[in-house]
Each structure stands twice: as structure tokens, then as C-alpha cells.
Amino acid sequence: MSNPAPKPAPSQSNFIRQRIEADLASGKVKAVKTRFPPEPNGYLHLGHAKSILLNFGLAREYGGSCNLRFDDTNPEKEEQEYVDSIIESVKWLVPEFDGKALFASDYFDFMYRCAEYLVSSGNAYVDSQSADEMKRSRGDFTYPGTDSPFRSRSAEENLMLLREMRDGKHADGAHVLRAKISMTSPNINMRDPALYRIKRTTHHRTGDKWCIYPMYTYAHPIEDAVEGITHSLCTLEFEDQRPFYDWLLRKLADGGLLQQPLPQQIEFARLQLTYVLLSKRLLIKLVEDKVVEGWDDPRMPTLSGARRRGHTPEGFRKFAERVGVSKENSWINYSVLEDCMRQHLDEVAPRRFAVLDPLKLVIENYPEGQEEMMEAPNHPKKPEMGKRTMPFSRELWIEREDFKETPEPKYFRLFPGNKVRLRFGYVIECIGYDKATNTVRAKYLPETRSGTPGADSVKVKGNIHWVSVKHAHQAEIRIYDRLFKGEKPQGQDDLNPGSLGRIRAQLEPGLAAPEAVVVQFERHGYFAPDRSGFSRTVTLRDAWQ
RNA sequence: UGGGGCGUCGCCAAGCUGGUCUAAGGCACCGGAUUUUGAUUCCGGCAUUCCUAGGUUCGAAUCCUAGCGCCCCAGCCA
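Not measured: the values here are computed from a predicted model.

Caption draft 1: Quick look at the pairing of strand β15 (residues 395-399). Of all five residues in β15, four are buried; the element is thus mostly enclosed. Relative to β15, strand β12 (residues 358-363) is paired through five bridges, and the arrangement is antiparallel. Directly across from Leu361, in β15, lies its bridge partner Leu396. Looking at chain direction, β15 and strand β20 (residues 467-468) are connected through two bridges and run antiparallel. Across the sheet, the residue bridging to Leu396 is Ser468, located in β20.

Rendered as C-alpha cells:
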């Protein structure tokens, strides 16, 4: 009681929060309950991250809870492998997630009972038209549909047929259970939508128990209601489905099968990122065609790929906050995601030296055989992150970019006659370049050793990193570029052939055994230890050129 | 074409029970300061205008009318 509740970070107002707050204030809803309902037919991608963070975030923010629920109503497309990867990704992204997964298939019995109720109460019927006939009689945008010749079957006949369907007495496609609403509704989704179809397929969880499976349209509202979901968030394309969502729930509640308060569907705009393709169909194809190494290839826009790439949950949270939620069909620049990752990584990544494009430098007045240990902080602003030491010697690797025989204007790194600081080491002066050995020649100024009183006696503008040739640890570094070259890629034709680059780099010795999830190679960017090498997560911002 | 949505700065996005809007905030961008990462941080600048045209009103991004533009729906997919 003593301490005032910690003030939550002020969240950006949005239409969903407003709805929730109104429902809470009016007493319509006691506690917020949301859900994230993926279909286990692929790996989670960046678009899902927005939805996951939205649903779990809202629940946390309003002291409610959020379920991970698999929408496994189509056994033909769904697999256990996907279930496992999805659970793992959600766990990774949302620390407070308890790892418990729910399944639509656990409600199949109840859904079936609801179906029998709808039939008995005259709200559903078994249609025996072919798929093609159904399509034709549905009408189109300009013409109303026409009633199926089977629409007026008696409740008894419908019930009998439905049970036969359930018991596997009919072939796939022979019949379908439909809601009896109106074939003339201007909303095509209300023209007697299908509820159950016959699919004599083995389900990854219920096995061969069922011969009929509910449609998403029918199953989803029931799943929400059974779990006591208060706010069912989905993407814009389901907006036209909402009247049916409400219709179904009301019928079932009238029949005493569901309790108030009933869940309400709220739609928001899905994430669209430039240079990224988030279609599951295409992602599956990239994996199958081996265009990438797998679902977790660091170039993939999947969460498992992002993780290997070095992207972090905290970065994603910043991203979700930054892009907000609305009904506006917007495109987010990919650079926004990168910037969010940079922002988080800047705070937590230990700094290290890595020479990605090595050029040899010899300090001619530095005694051969001499070695010194140079101390460098792990983070420029966080002394609590400690320090590490690096061996310094006469021959060093420096970045090819950091030396120019003939510098362009405003270039302030190494060139003949110029002085530069070897970061956390000495100030050196370039005295030439030996073409025969491809070596930069320099002399050092002994009194300028970092951390000593004379360190600042010589002012220099440039600061470059280095690695002792004798002590360097070599490793492969994967440099990733965008997987697609177009700003709004359409498909595989837009793949960027240069999305993967491999280089051999010279690293400070401690990097032989990296402890951090992501480190910063100073002046380069953030890199994630990955498979005996490193994956470049994202570069540092660079105002030079 | 019928229905459903959306249109506020380069990109997001508040505001939309009308006045406090000559429109919040973030990102980007442009200056400038600090800096042993040309990074980070810091400070300053950045829509007389809210898709368009009318109307209501003392007063409109907010209300009304008519247009225009974009997205979604005609799976026994989700």
C-alpha cells in the first residue's frame, strides 16, 4: 500500500485500447482476455510478431491474459512441426508466456454439439450440391444468390445426414453443413456460409476420430467464446465476417450453449514491410526450393530466422510500439525494424574489435617481439559491463577502408603524413605504403598510450580499430543483404541474388568464445555468433558517404 | 457492379462527444554541441494544414452533402 503503483509507460492511444477501456469502464467486461490464434501450417513471421505483441501486450497492460491457441481445423495443411516451432517462437518473443498451448481441435466435440443444435433449431442444413453448384448459386457482387434445392430439408433429415457425415458414411464433398441465413444478403459471407465439410483425413492431433471438420468461420467464434475471450483481434480481411461471427454467437447463446459476455471481433491492419514478403505460400516455397537454408535462415522474415540473425524480443517490442495499430493499410519501411534492433542492441551489446577487410599495418618503431595488453571497456557508457584486454604488437590488421594513399576531401583516417588513434592503443602516424608487401607503414607515439596522462597530448580526428596479427582469431562472417530487391516484392522473381555474402575476418582473440547473444563490432555493426561464425544483424548508422 | 473498410507531414500515428488545432508524438530529414566507435547522446528546425468541392456554425481535421482515390469479400482455405 505504501508505494504508488508504478506508472506504466504512457501508451499511444489507439482504437483498440479505447474499446477495451470503454468495456472495462461500463462493466461489460471484467478482465481483458485475448488470444493469438495461428494455424499450424507454417513458421511464424514478422507479421505475426505484431499480432503476438499486440495481443499479449494488451493483456499485460490491462491485467488480463492471452492464450496461444492453434486454429487446427484443416488437417490437410497442418503439422506438428509447425506447432512446435510456433510455441518456441512465442516463448522467445514473449517472456511472460507460460508455454501453454490450446487447440481448436480440443473443442471439436463441443462444436459438433453446437452444429446439431443449429440443425435442430432450424438454423443450419445439409446441402448436397456440388462445390461448383454452390458457387454458382451463391450469386456475385451484382446478383443475389438463389436458395439451394436442399435448403428446406426437415430438421430430422438434416440431423440424420449430419450424423452420417460425422460417421463417415459419405464421400468427401458429398455434403456440407451450411448456416441458414439468407442467400440474398448483400454481404456474400452471409449467404449461407459452409460450417462443416467432409474430409476423411487424419488430423495431427485427433487422428481419425473425425470425418468432418469445421470451417474457420464457424470454429473461430466458438473457440473464442469457449475460452472466454473478450476481445478477438484479427486482420482487416475478416471485417466482412463479423456479422456472421455475431450471428453464430447469438444463436448459440440463445440456445443456452454459450454464456455472456460474448467475445467481440475487432479488426486491425496487418503489418506490411517494404522489401519483405510475408506470404506463407511463398515462404514455404523458398524453403522447399532451397533458395534459403531453411525456415531459420537469417535472411528469412520468420521469427526463427530473425532470432538467428540477432534480432531481439526487446527490439520487436520497440518496433510494435513504433508502428502502432490502426485500420490504415500502411507500409512500414524495413529500416524502421532495423533501427529498433539497433536501438536495443546499442544498450546491451558488448563492444569488440573485428577487422572485416584486413590490411596489414606495421609500426616500424615498435620493437619486434614486444607485446602489450591494451584495456578496453565493453561498453562506452556502461562501466558495469566491465573491460577486456587485447594484445597489441608491431604488426596489426586494420580495415582496408581506413587507409587511403590519396585521401578524398574530408577523409580523416589514415593516409601518408596523417595521424590517427589506434583505438585504446597509441596514436600513430602514417609514413607510407609498401606496395611490394601491401603494408601500411607507420610509427607510433609512445607517450600517447590510452589511459596514460599523455594520451591526449596529441589530438587526432580519426580513430580506427585494429587486431594484432599474431593473436587474431579468424572466423567466417555472413553479411546479409535484403532477400528481395524490390521495395514491394511480388514473388521469387524479385529475389536479391546477393543476399548472402561470406567473408573471412580477423577478430580480437576473445571472440573465439563469444558469450553474448549479440556483440557490436565497433564501427561496423551488430553481429550474432551463429554456427562457428557470425551473422551480421544490422550495421551501425553511417553518416560518412 | 452490391457490401465492408480506409484517406492527417517523406514513413507511421494521436486527435474525430466542434473552440485549448496557426494539428501531439515517433521515425526520417536538416542544422549545431559533446564524443578515443564519422556510432551513441544532446539541443534546435521540420503540416496556417487535415483526399477534393460545397454546406452548417461566431468557430470544423472534427458535423452534413456530393465527389475522388486505395484496400478487402463471390474456398467445401484461414
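Let us keep going from here.
Caption draft 2: Quick peek at the sheet that holds strand β2 (residues 65-70). Within the open sheet, the three strands sit side by side as β1-β2-β3. Their pairing is parallel. Each having just a single partner strand, β1 (33-36) and β3 (101-103) make up the two edges of the open sheet. Adjacent strand axes in the sheet meet at a mean angle of 40°, parallel and antiparallel pairs treated alike. Direction of pairing for β1 relative to β2: parallel, over a ladder of four bridges. Residue pairing across strands places Lys33 opposite Ser65, the latter belonging to β2. Of the strands in this sheet, β1 and β2 are in contact with helix α2 (residues 46-61), which crosses β1 at around 160°.

Caption draft 3: Spatial organisation of the sheet that holds β15. One open sheet holds the seven strands; their spatial order is β19-β16-β17-β18-β12-β15-β20, and the pairing between them is mixed. Each edge of the open sheet carries a strand with a single partner, namely β19 (462-464) and β20. By the bridge criterion, three bridges tie strand β16 (residues 419-422) to strand β17 (residues 427-434) in an arrangement that is antiparallel. Counted as the bridge partner of Lys419 is Glu429 from β17.

Caption draft 4: Just the packing of aromatic side chains, in detail. Tallying each qualifying case throughout the model produces 24 aromatic pairs. Taking 5.1 Å as the distance between ring centres and 20° as the angle between the ring planes, the aromatic pair formed by Phe70 and Phe103 counts as stacked. Taken as a pair, Phe70 in strand β2 and Phe103 in strand β3 lie far apart in primary sequence, 33 residues in all. Each of the two residues, Phe70 as well as Phe103, counts as buried. Considering the side-chain rings of Phe521 and Phe527, the 4.3 Å spacing of their centres and the 20° angle between planes classify their relative orientation as stacked. Phe527 carries the same exposure label as Phe521, and that label is buried. Through a chain of ring-to-ring contacts, the aromatic side chains of Phe353, Tyr366, Phe392, Phe424, Tyr426, Tyr444 and Trp466 assemble into a single cluster. Across from the ring centre of Phe103, 3.6 Å away, lies the NZ or CZ of Arg205, which sits over that ring. Here Arg388 stacks its cationic end above the ring of Phe353, 5.5 Å away from the centre of that ring.

Caption draft 5: Structural view of the pattern of salt bridges. Tallied over the entire structure, the rule returns 50 salt bridges. The salt bridge partner of Glu401 is Lys404, with a shortest N-O separation of 3.9 Å. A relative accessible area of 46% places Glu401 in the partly exposed class. By sharing partners, the salt bridges in this structure join Glu293, Asp296, Arg308, Glu476, Arg478, Arg502, Asp530 and Arg531 into a single network.

Caption draft 6: Spotlight on the protein's contact with RNA strand B. Gln18, Ser326, Arg351, Arg423 and Ser450 are the nearest of the 67 residues found near RNA strand B. Sugar and phosphate atoms constitute 62% of the interface atoms of RNA strand B, taking the interface as everything within 4 Å of the protein. Contact between RNA strand B and Arg523: a base oxygen at 2.9 Å from a main-chain N or O atom of the residue. Elements represented by at least two residues in the surface near RNA strand B include exactly α5 (131-137), β6 (194-198), α11 (313-323) and α12 (334-348).

Caption draft 7: View of α12. Compared with the 21 Å implied by 1.5 Å per residue over 15 residues, the 22 Å span of α12 between its first and last C-alpha is a close match. Listing the buried residues of α12 in full gives Tyr334, Leu337, Glu338, Cys340, Met341, Arg342, His344 and Leu345.

Caption draft 8: Molecular detail of the packing of helix α4 (residues 108-120) against helix α6 (residues 155-166). Two numbers describe how α4 lies on α6: the axes approach to 9 Å, and their chain directions differ by 155°. Put simply, α4 runs roughly antiparallel to α6. α6 is crossed by α4, and the crossing has right-handed handedness. Here Tyr112, Ala115, Glu116, Val119 and Ser120 of α4 come into contact with α6, specifically with Ala155, Asn158, Leu159, Leu162, Arg163 and Arg166. The residue makeup of the contact of α4 with α6, split by class, is six nonpolar, two polar and three charged.

Caption draft 9: Representation of the packing of α2 against α11 in the model. Packing of α2 against α11 brings their axes to within 10 Å, and their N-to-C directions diverge by 80°. Here α2 is positioned roughly perpendicular relative to α11, judged by the angle of their axes. Residue-level inspection shows Leu46, Ala49 and Leu53 of α2 in contact with α11, the latter providing Phe316, Arg317 and Ala320. Here the residues of the contact of α2 with α11 sort into five nonpolar, no polar and one charged.

Caption draft 10: Region of interest: the nonpolar core. In this structure, Met111, Leu177, Leu195, Tyr196 and Tyr218 are the most contacted members of the largest nonpolar core, which totals 40 residues. Elements with a contribution of two residues or more to this core: α4, β4 (124-127), α6, β5 (176-179), β6, β7 (212-214), α7 (216-226) and α8 (242-254). Examining the composition of this core, we find that eight residues originate from one element, α4, more than from any other. Leaving out residues up to four positions away in the same chain, Tyr218 has contacts with Met111, Cys114, Ala115, Leu118, Leu195, Tyr196, Phe244 and Leu248. Membership of the second largest hydrophobic core comes to 39 residues, among which are Phe70, Val90, Phe97 and Ala349.

Caption draft 11: How the structure looks around the state of the cysteines. Scanning all chains against the criterion turns up zero disulfides. No disulfide involves Cys234; its nearest neighbouring cysteine sulfur is the one of Cys66, lying 14 Å away.

Caption draft 12: How the structure looks around the environment of Ile52. Along the polypeptide, Ile52 turns up in helix α2. Taking relative accessible area as the criterion, Ile52 reaches 0% and is therefore assigned buried. Setting aside residues no more than four positions away along its own chain, Ile52 makes contact with Phe36, Leu44, Gly57, Val90, Leu93, Val94 and Leu303.

Parameters at a glance
Residues numbered from 1 in each chain as written. Chains lettered and ligands numbered in written order. Predicted model: local features only at pLDDT ≥ 70, side-chain atom pairs only at ≥ 80, totals over all residues. Heavy atoms only, no water. Buried < 20%, exposed > 50% of the residue type's maximum accessible area, 1.4 Å probe, protein only. Helix = DSSP H or I, 4+ residues; strand = E, 2+ residues; numbered from the N terminus. Pairing = 2+ DSSP bridges. Axes fitted to C-alpha atoms, helices over the stretch in contact; angles between N-to-C directions. Contact = heavy atoms within 4.5 Å. Phe/Tyr/Trp six-rings, centres within 6.5 Å; stacked < 30°, edge-to-face > 60°. Lys NZ or Arg CZ within 6 Å of the ring centre and 35° of its normal. Salt bridge = Lys/Arg side-chain N within 4 Å of Asp/Glu carboxyl O. Near = heavy atom within 4 Å. Polar contact = N/O pair within 3.5 Å; in protein donor to acceptor, adjacent residues only side chain to side chain. Expected span 1.5 Å × (residues − 1). Parallel < 35°, antiparallel > 145°, perpendicular 65-115°, else oblique. Left-handed = near helix turned anticlockwise from the far one by under 90°. Nonpolar A, V, L, I, M, F, W, Y, C, P; charged D, E, K, R; others polar. Core = buried A, V, L, I, M, F, W, Y, C linked by side-chain atoms within 4.5 Å. Disulfide = S-S within 2.5 Å.

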